[in-house]
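# Notes for the structure review
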Amino acid sequence: MGRRARYRCNAMKIIQKLLKCCQQATPCLSFEYYPPKDRANWPAFYDKVQRMSALAPDFIDVTWGTGNPTSLDSLEISQAIQAVTGIDTMMHLTCTHRSQSELMEILSHVKEQAGIQNIMALRGNRPQEGDWQPTPNGFDSAAALVAGIRSHFGDYFSIAVAGYPEGHREDGRVCDPGYIRTQGYYAELDYLKRKIDAGADFVITQLCFDLDQLSRYRDDCHQHGITCPIIPGILPLHSRQVWDRIATFSASIPEALAHEYSRVANADSDSFERFAVDLLSSQLSRLHKEGFWAVHLYTLNHEKIISQYLSQERTAKLHS
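The following refers to the structure shown. (Residues numbered from 1 in each chain as written. Predicted model: local features only at pLDDT ≥ 70, side-chain atom pairs only at ≥ 80, totals over all residues. Heavy atoms only, no water.)

## Quick look at the environment of glutamine 223
Residue placement: glutamine 223 occurs in helix H7 (residues 211–223). Of the residues examined, glutamine 223 reaches a relative accessible area of 68% and is grouped as exposed. For the pair glutamine 223 and leucine 189, spaced 34 residues apart in sequence, the C-alpha separation works out to 9.9 Å. (Helix = DSSP H or I, 4+ residues; strand = E, 2+ residues; numbered from the N terminus. Buried < 20%, exposed > 50% of the residue type's maximum accessible area, 1.4 Å probe, protein only.)

## Comments concerning the packing of aromatic side chains
Counting across every chain of the model gives ten aromatic pairs. Aromatic side chains tyrosine 33 and phenylalanine 45 sit 5.9 Å apart centroid to centroid with 85 degrees between the ring planes, which places their arrangement in the edge-to-face category. Of the two residues, tyrosine 33 is situated in strand E1 (residues 28–33) and phenylalanine 45 in helix H2 (residues 42–53); the sequence distance between them amounts to twelve residues. Of the two residues, tyrosine 33 and phenylalanine 45, both sit in the buried class. For the ring pair tyrosine 185 and tyrosine 186, a centre distance of 5.5 Å and an interplane angle of 75 degrees mean the geometry is edge-to-face. (Phe/Tyr/Trp six-rings, centres within 6.5 Å; stacked < 30°, edge-to-face > 60°.)

## Looking at the sheet that holds strand E4 (residues 118–122)
Around the barrel, eight strands lie side by side as E1-E2-E3-E4-E5-E6-E7-E8; this closed barrel has parallel pairing. For this sheet, the mean angle separating the axes of adjacent strands, direction not counted, is 30 degrees. On the sheet, helix H1 (residues 14–24) packs against E1, strand E2 (59–62), strand E3 (89–94), E4, strand E5 (158–163), strand E6 (202–207), strand E7 (230–234) and strand E8 (294–298) and is oriented at approximately 85 degrees with respect to E6. (Pairing = 2+ DSSP bridges. Axes fitted to C-alpha atoms, helices over the stretch in contact; angles between N-to-C directions. Contact = heavy atoms within 4.5 Å.)

As structure tokens, this is what we get:
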């Protein structure tokens, strides 16, 4: 895929798409991928992305990788995906392991060589042991990174930042219902406001199964003066293993959903897949009814449930 990549000059800022879909009340769906650790797996990964590009996502999002933290795999993959699929691609960028000047060099390449206009600005995760530490001469927060991008590149990039409806995994209160609307919860909203004030255009939330909390979170953001688009992050149940890992993703499971899942926990694969597709359909339908026209899907590099959902939606429209 990379060998066929060509510079794409008609790339579009994602914020423009989001504002249009909100104004016209039309759905906007995006897919997130992560770079495979082993380059030997890249061909299969590219094949999957190209197959899923036929599902016509409004944009594609590529994380900053899980392998060598100083590699540029995400940049190479983002550039190839946008050039070959023709779909606007957003690249994650973190403050971790790179100085300010190195990050600006990466962004210069993104602008001049990759033709990418969309960045997800993140601080970076805390290491397994110890606290997160800024790189010497680096940015100490996502807000500082956003401000640095705006200072160096003006309005060239559309910048997204992360939002945490149920708290950040580092605050020690993740998945605790008592956390909502506490001092820590509002402190997180204050920090999100700093990122928006620094120049971010929109928010993509951490994955969340509690749709009531997503609506409360949007309302709380609005009360904090955060009026930019807020895009819910939804995790399709690609497998039973994904369900088992939900807590590690910093998300709670509503009691009603846990009860529904118990009915298929030991069912055959076809029954589980129907459950997962129906769940995704009901989640997106409700979010659209509540005014969340744009939704971000965490694919975990899996395609089956998303493909089945979109095929089901197309069939329903043909018979409506």
